[in-house]
Amino acid sequence: FILADLFVFLFALVLPWRYYSIAIISFLTLGALGLPVFAGGAGGFNHFIGSTGGYLIGYLIGGVMVSLVSPKLYSKYSRLFLVFSGYYLLFIFGIGWLMYKANLSFTDALQNGFFPFVLSMHLKGLVAWVIYTFAFPHLKLRT
């Protein structure tokens, strides 16, 4: 259980896509350089070329999508759906890369790289949305 993805999507809701992109690219770069910022206090470029690489790239892609679309939404509940959609986009990249790197079938990749995380994914998405919706209602960071 890691909280990095909760903050990925919280920042995606709060920051304009350019700032979000800079923040996530910085996070990924620091991890690639070996700083222990990935799950389990890990770091290193091997995480990008290993079976978790798709999930790391999914942080960028899913979050940028959330950051781009969020300002166009007026309903707080549509933003919750958007956060969940960002998570699913993250997992599309993660599962696709996992299938490629580990030579897994789609079903095996789902069983190993998606189903164990479905509950926590939705809980963390909900927490990110609650923090954004109720703790930052007047935050004006978007430009």
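This is a predicted model, so every value here is computed, not measured.

Engineer: Help me out: how do you make sense of the overall build of the protein chain in this one?
Structural biologist: For the protein chain, the helix and strand inventory stands at 7 helices and 0 strands. The order of α-helices and β-strands along the protein chain, N terminus first, is α-α-α-α-α-α-α. A compact globule built from 143 residues should have a C-alpha radius of gyration of about 15 Å, and the protein chain, at 15 Å, falls within 12% of that. Its C-alpha atoms give the protein chain principal-axis dimensions of about 45 × 30 × 20 Å. With 143 residues in all, the protein chain has 40% of them scored as buried. Counting contacts in the protein chain only where the partners sit at least 6 residues apart, residues at least 24 apart contribute 67% of the total.

Engineer: It is not clear to me how the nonpolar core should be interpreted in this structure. Could you clarify?
Structural biologist: The nonpolar side chains of soluble globular proteins are, as a tendency, buried together. The biggest cluster of nonpolar side chains holds 34 residues, and the ones touching the most others in it are Phe9, Tyr20, Leu28, Phe38, Tyr59, Phe91 and Ile95. For this core, the secondary structure elements donating two or more residues are α1 (4–14), α2 (17–32), α4 (53–69), α5 (76–102), α6 (106–113) and α7 (118–135). In contact with isoleucine 95, not counting residues within four places along its chain, are Tyr55, Phe106, Ala109, Leu110, Gly113 and Phe114.

Engineer: Mind showing me how you'd approach the packing of α5 against α6 here?
Structural biologist: The relative placement of two packed helices comes down to the angle between their axes together with the axis-to-axis distance. Where α5 contacts α6, the axes come no closer than 9 Å and their chain directions differ by 120°. Considering their axes alone, α5 and α6 lie oblique with respect to each other. Crossing handedness for the pair α5 and α6: right-handed. Only Phe106, Ala109, Leu110 and Gly113 of α6 make contact with α5, whose side of the interface consists of Phe91, Ile95, Leu98 and Met99. Of the residues in the contact of α5 with α6, the class split is 7 nonpolar, 1 polar and no charged.

Criteria and cut-off values
- Residues numbered from 1 in each chain as written.
- Predicted model: local features only at pLDDT ≥ 70, side-chain atom pairs only at ≥ 80, totals over all residues.
- Heavy atoms only, no water.
- Helix = DSSP H or I, 4+ residues; strand = E, 2+ residues; numbered from the N terminus.
- Rg over C-alpha atoms; globule rule 2.2 N^0.38 Å.
- Buried < 20%, exposed > 50% of the residue type's maximum accessible area, 1.4 Å probe, protein only.
- Contact = heavy atoms within 4.5 Å.
- Core = buried A, V, L, I, M, F, W, Y, C linked by side-chain atoms within 4.5 Å.
- Axes fitted to C-alpha atoms, helices over the stretch in contact; angles between N-to-C directions.
- Parallel < 35°, antiparallel > 145°, perpendicular 65-115°, else oblique.
- Left-handed = near helix turned anticlockwise from the far one by under 90°.
- Nonpolar A, V, L, I, M, F, W, Y, C, P; charged D, E, K, R; others polar.

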